[in-house]
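# Survey of secondary and tertiary structure
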There are 2 protein chains.
Amino acid sequence: MNDPLVVTEKSRLRRMHSRGYFDRATINGILDAQPLCSVGYVIDGQPYVTPTFQWREGDRVYWHGSSASRALRNSKDAKVCLTVAILDGFVLARSGMHHSLNTRSAMLFGTAVKVEDPAEKLEKLRTFLDGLFPERYDTLRPDYEQDLKATMVLGMDIAEGSAKVRTGDPSDDEEDYALPIWAGVIPVTTHVGTPIPDARLIDGVKMPDHVRNFRIG
Amino acid sequence: MNDPLVVTEKSRLRRMHSRGYFDRATINGILDAQPLCSVGYVIDGQPYVTPTFQWREGDRVYWHGSSASRALRNSKDAKVCLTVAILDGFVLARSGMHHSLNTRSAMLFGTAVKVEDPAEKLEKLRTFLDGLFPERYDTLRPDYEQDLKATMVLGMDIAEGSAKVRTGDPSDDEEDYALPIWAGVIPVTTHVGTPIPDARLIDGVKMPDHVRNFRIG
């Protein structure tokens, strides 16, 4: 799990910064903590950034959507950049310049490959859903074949990229620590609220543990 | 504030979807609710997606970073895509296919322009900081000229783009509503924690209102 990523010029550039980390465990931890990601792709020289959910299986990352989606059709067999960014806090320093953010972010590069085999695609989607909500998939109305056809799953190797992690107090200029200015961190976290049953839920259906125990972040 | 955005092919495509909104007020509301954004840019055909903070002034959006930043140097005078995505909830349906997310997202396209004038740049940075923490800028050690030189501010018009908003219960197939399957929404929000004073804060410095009252989301 700790194999170093391939070091490219991109990651070498980042390696010079003290906040860069390249071990696989750091990147996996960020991917596993936050499904929301941003996928970048290019159409006729114009960059697009589409928010979607990702999930990891070993050393591959996957995302999905409608087969008709422009984002997915234009990402397939193309170069993409998948970024996850988790905001952990606002860092308030004694000068404007040193204000910062506590964040964990991962940026992955690769070529997106479509999962073609229907059985494999179904298995990926099950893994995605059960990863968020353990054992939920088997409680659902089974997928129709046409629903699966209408869904595209893309994946890529976690092989090239970088992570950036910042934690802790501000880093002020040494002489500024003597100034009577409030400095510190305002932490932010993702809060999971009380689940809201569907207005049309039939009587007597209990809230499953995978809903009650859901956590993220 | 409700001027319609220019409708391009990109937004026209999205207009066909029921979840697309194009009025300026919707887009402004999303930008103002969440500073964290993802900026997409292209280097030699490879898309990059860099997380950063954005702020809005009227009908322009700005972001900033180190003048040495590869992300900023390659975004300047180039086509970019700036996306903000706010996750409001997980939508659990009665089939895998209809699981969804409650989200608010905005995707903006344009050419990033560098703020060249030093006085204007300083004013933008002040607006950014005071937008998050009202009246904080004047309490800080003033910026040094070299700090300002080391900082690049980019901006672009909010003129082309789209927003996507989903709220509420799952949309299941009609016949599935009779199934004894739990469905509903798990809401998520951004929680602001108790501010943590810097370990080196000098004695007697009180927490200002702009820290105590800070809210986001």
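Residues numbered from 1 in each chain as written. Chains lettered and ligands numbered in written order. Predicted model: local features only at pLDDT ≥ 70, side-chain atom pairs only at ≥ 80, totals over all residues.

### Regarding the nonpolar core
Formed by 92 residues in total, the largest nonpolar core has its most connected members in Ala 106 of chain A together with Cys 81, Ala 106 and Leu 108 of chain B. Setting aside anything within four residues of it in sequence, one finds Ala 106 of chain B in contact with Ile 27, Ile 30, Leu 31, Thr 83, Val 84, Gly 161 and Ala 163 of chain B. (Core = buried A, V, L, I, M, F, W, Y, C linked by C-beta atoms within 7 Å. Buried ≥ 20, exposed ≤ 12 C-beta atoms within 10 Å, placed from the backbone. Contact = placed C-beta atoms within 7 Å.)

### A look at the confidence of the model for chain A
All names here are of chain A. Chain-level pLDDT for chain A is 91 on average; 90% of the residues reach the 70-or-more range. Note on residues 1–19: pLDDT is under 50 here. Beyond four places in sequence and across chains, it has 32 contacts. For this predicted complex, the interface confidence reaches an ipTM of 0.90, while the overall pTM sits at 0.91. (pLDDT = per-residue confidence, 0-100.)

### Quick look at the interface of chain A and chain B
Taken together, the contact pairs 70 residues of chain A with 70 residues of chain B. Of all the elements in the fold, those that place two or more residues in the side of chain A that touches chain B are strand S2 (36–43), strand S3 (46–57), strand S5 (79–92), strand S6 (100–111), helix H4 (118–132), strand S10 (184–192) and strand S11 (196–197) of chain A. The element that contributes the greatest number of residues to the side of chain A that touches chain B is S10 of chain A, accounting for 9 residues. Bridge count for S10 of chain A against strand S11 (residues 196–197) of chain B is 2 bridges, and the pairing is antiparallel. Paired with Gly 184 of chain A across the two strands is Pro 197 of chain B, which belongs to S11 of chain B. (Helix = DSSP H or I, 4+ residues; strand = E, 2+ residues; numbered from the N terminus. Pairing = 2+ DSSP bridges.)

### As for helix H2 (residues 24–33) of chain A
Residues and elements named next belong to chain A. All of the buried residues along H2 are Ile 27, Ile 30 and Leu 31. Axial view of H2: buried residues confined to an arc of 100 degrees, hence all on one face. The exposed residues of H2 that point more than 90 degrees off its buried face are Ala 25 and Asp 32. For H2, the elements touching its buried residues are S3, strand S4 (60–66), S5, S6 and strand S9 (160–165). (Arc of directions from axis to C-beta.)

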